[in-house]
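Observations on the three-dimensional arrangement
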There are 2 protein chains.
Amino acid sequence: MKGYGQFCPIAVACEVFAERWTPLILRELLAGSRRFGDLRRGLPLISRTLLAQRLRELEDAGVVQSRPLPSGRGREYQPTQAAEELRGVIDLLGAWGQRWVRAQYNLENLDMTMLMWNVRRRIDRRRLPARRVVVRFEFRAVPPRLRGFRGCWLVLERTGVDLCLKDPGFEVDLLVTADAATIARVWMGAVSFPDAVRSGGLRVEGPRDLVRAFPSWLLLSHFAHVDHPVRAS
Amino acid sequence: MKGYGQFCPIAVACEVFAERWTPLILRELLAGSRRFGDLRRGLPLISRTLLAQRLRELEDAGVVQSRPLPSGRGREYQPTQAAEELRGVIDLLGAWGQRWVRAQYNLENLDMTMLMWNVRRRIDRRRLPARRVVVRFEFRAVPPRLRGFRGCWLVLERTGVDLCLKDPGFEVDLLVTADAATIARVWMGAVSFPDAVRSGGLRVEGPRDLVRAFPSWLLLSHFAHVDHPVRAS
DNA sequence: CAGTATCCGATGCGATACTG
DNA sequence: CAGTATCGCATCGGATACTG
């Protein structure tokens, strides 16, 4: 059976929004992803088939509009006004998840590529120094499933931030060495940056001024500062 | 595969919230339903098996708490604080649905029992006269699937409102005759009460003062007053 | 790379029957 | 009434192979 057989606005909204993967596809679109490959990077476990199908459904529902790229191959997927007005729903849902669902940091669910891709998106560029800063990340205690991704580079400039999975060739200014799980916890707000350093799960090396400034460039997850009811009570 | 394999708060929230039927079950709980049968009345198409399964999942997630009824049989299902904090998500989702999804009033999706059950919940009791008012509803143009439910009674008192599917025996004060689809459209805010009367889709008969006051008792759907972008532009 | 077509296996879910 | 146990099927979705 398709749909809920009700004309209640909540029910019809759910028929569009509450399908499997759909809220996460919208999360990616509203975070700025526009191309098929970018969407997949943010949704590592979705299959190409299903992503294509969901994008078509969203387009039929008027939530996404797509058009061929000028480059000839592939399409650009753009969220419509209807999608933009779902941002509030998604943000509230995320805040609720942060408050009420204890995420599994047990590393089953850890994808460092996706994590660093998100970190890249949440750099406070206005706080960067005028010159380019290259940060090398080296991960320790990486879950066996993720061998092959032991580190990456973040190239920080006021004009834009790049994530490199291979050595971009620039001289490295800062070296960040960290347990995979510690990075995740800091990102999620479960542990503060200074506490992570104190506990030894994370270390930053380089010129003193850059080391000191580095944490202030990280905006962390949108939900890092949502307070947790268990923590509060 | 179960879950999204991400620790993003949006993803974990979706694993709890965005399952099939779950938002609608929460809608019913937050609207005041507490018993299995009440929930089913608001979700006519869900199977008992699935409703029971979802309630168990919600209880495991800490969103619902249940306990046996003092009467011995059946349980009471109570939304927890976590559920209460989903109200904002559900309300926003409903407002979005009202704005962006054109509901199908084609009567495929029309369940008069559920509709009147909702009407009952949205009576502004403070506006009622001091004495009891009994309203008889007679439906016209009822879709064939729904034969057998041609009308009902609403017993309005300041102390409470009852919906009767069988004649409660009281003397009738007001007679409302209406097309099933017209009632639905008025409830949803797609058409105003006076317009429905003018178009002939709805008629109210009885003492003049009661007829005049009647529309003011109806609060209509929570989303009846959300403005529609198509209508606006 | 950016998808589409096809196949087939897992599972989600309804129907039915049963219990207190 | 308020559920639970079981069965069987439909559909959802992943894997694979293919196209431009």
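Here is a short report on the structure shown in this document. Just so you know, these numbers come straight off a predicted model, no measurement behind them. (Residues numbered from 1 in each chain as written. Chains lettered and ligands numbered in written order. Predicted model: local features only at pLDDT ≥ 70, side-chain atom pairs only at ≥ 80, totals over all residues. Heavy atoms only, no water.)

The next point concerns the nonpolar core. Within the largest apolar cluster, 69 residues are counted, with the highest numbers of intra-cluster contacts made by Phe17, Ile25 and Leu26 of chain A together with Phe17, Ile25 and Leu26 of chain B. The greatest single-element share of this core, amounting to 7 residues, is contributed by helix H1 (residues 9-17) of chain A. With residues near it in sequence (within four places) discarded, leucine 26 of chain B still touches Phe17, Leu58, Val63, Ala83, Leu86 and Ile90 of chain B. (Core = buried A, V, L, I, M, F, W, Y, C linked by side-chain atoms within 4.5 Å. Buried < 20%, exposed > 50% of the residue type's maximum accessible area, 1.4 Å probe, protein only. Helix = DSSP H or I, 4+ residues; strand = E, 2+ residues; numbered from the N terminus. Contact = heavy atoms within 4.5 Å.)

Below, the discussion takes up the protein's contact with DNA strand C. Near DNA strand C you find 19 residues, and of these Arg35, Phe36 and Tyr77 of chain A together with Ser47 and Arg54 of chain B are the closest. Looking at DNA strand C alone, sugar and phosphate atoms form 73% of those within 4 Å of the protein. In the model, a base nitrogen of DNA strand C is placed 3.4 Å from a nitrogen or oxygen of the threonine 49 of chain A side chain. In the model, a phosphate oxygen of DNA strand C is placed 3.0 Å from a nitrogen or oxygen of the tyrosine 77 of chain A side chain. (Near = heavy atom within 4 Å. Polar contact = N/O pair within 3.5 Å; in protein donor to acceptor, adjacent residues only side chain to side chain.)

All names here are of chain A. The sheet built from 5 strands is open, its strands ordered S5-S4-S3-S6-S7 with mixed pairing. Edge positions in the sheet fall to strand S5 (160-164) and strand S7 (202-205), since each has one partner strand and no second. On average, each strand axis in the sheet is inclined to that of its neighbour by 15 degrees, with strand direction left out of account. Pairing of strand S6 (residues 174-179) with S7, which is carried by 4 bridges, proceeds in the antiparallel orientation. (Pairing = 2+ DSSP bridges. Axes fitted to C-alpha atoms, helices over the stretch in contact; angles between N-to-C directions.)

In the vicinity of DNA strand D lie 19 residues, with Ser47 and Arg54 of chain A together with Arg35, Phe36 and Tyr77 of chain B positioned nearest. Looking at DNA strand D alone, sugar and phosphate atoms form 72% of those within 4 Å of the protein. Arginine 48 of chain B has a polar side-chain atom sitting 3.2 Å from a base oxygen of DNA strand D. Of all the elements in the fold, those that place two or more residues in the surface near DNA strand D are helix H4 (48-60) of chain A together with helix H3 (36-42), helix H4 (48-60) and strand S2 (75-79) of chain B. For the surface near DNA strand D, the residue count by class is 5 nonpolar, 5 polar and 9 charged. (Nonpolar A, V, L, I, M, F, W, Y, C, P; charged D, E, K, R; others polar.)

Residues and elements named next belong to chain B. It is at 11 Å that the axes of helix H7 (residues 112-121) and helix H8 (residues 180-188) come closest, and there the two elements cross at 40 degrees. As H7 runs across H8, the sense of the crossing is left-handed. Touching Met112, Leu115, Asn118 and Val119 of H7 are Ala180, Ile183, Ala184 and Trp187, all from H8. Of the residues assigned to the contact of H7 with H8, the class counts are 7 nonpolar, 1 polar and no charged. (Left-handed = near helix turned anticlockwise from the far one by under 90°.)

For the rest of this paragraph, the subject is the interface of chain A and chain B. Accessible area lost when the parts come together is the quantity often used to give the size of an interface. Contacts between chain A and chain B engage 52 residues on the former and 52 residues on the latter. Taken over both partners, the interface formed by chain A and chain B buries close to 4,900 Å², and the fraction arising from carbon and sulfur atoms is 75%. When the buried area of chain A at its contact with chain B is split by residue, Tyr4, Phe7 and Trp96 of chain A rank highest and sum to 18% of it. Inspection of the region where chain A meets chain B yields 2 salt bridges. (Buried area = accessible area lost by both parts, 1.4 Å probe. Salt bridge = Lys/Arg side-chain N within 4 Å of Asp/Glu carboxyl O.)

Residue and element names in this part refer to chain B. For the structure shown, the criterion picks out 30 salt bridges over all chains. The shortest N-O distance in the salt bridge between aspartate 38 and arginine 41 comes to 3.4 Å. You can see aspartate 38 and its partner arginine 41 sitting in helix H3, 3 residues apart, about one turn around the helix. Aspartate 173 serves as the salt-bridge partner of arginine 131, at 2.7 Å between the closest nitrogen and oxygen. Here aspartate 173 lies in the loop between strand S5 (160-164) and strand S6 (174-179) and arginine 131 lies in the loop between H7 and strand S3 (133-140), a separation of 42 residues in the sequence. Classification of aspartate 173 by relative accessible area gives buried; the value is 16%.

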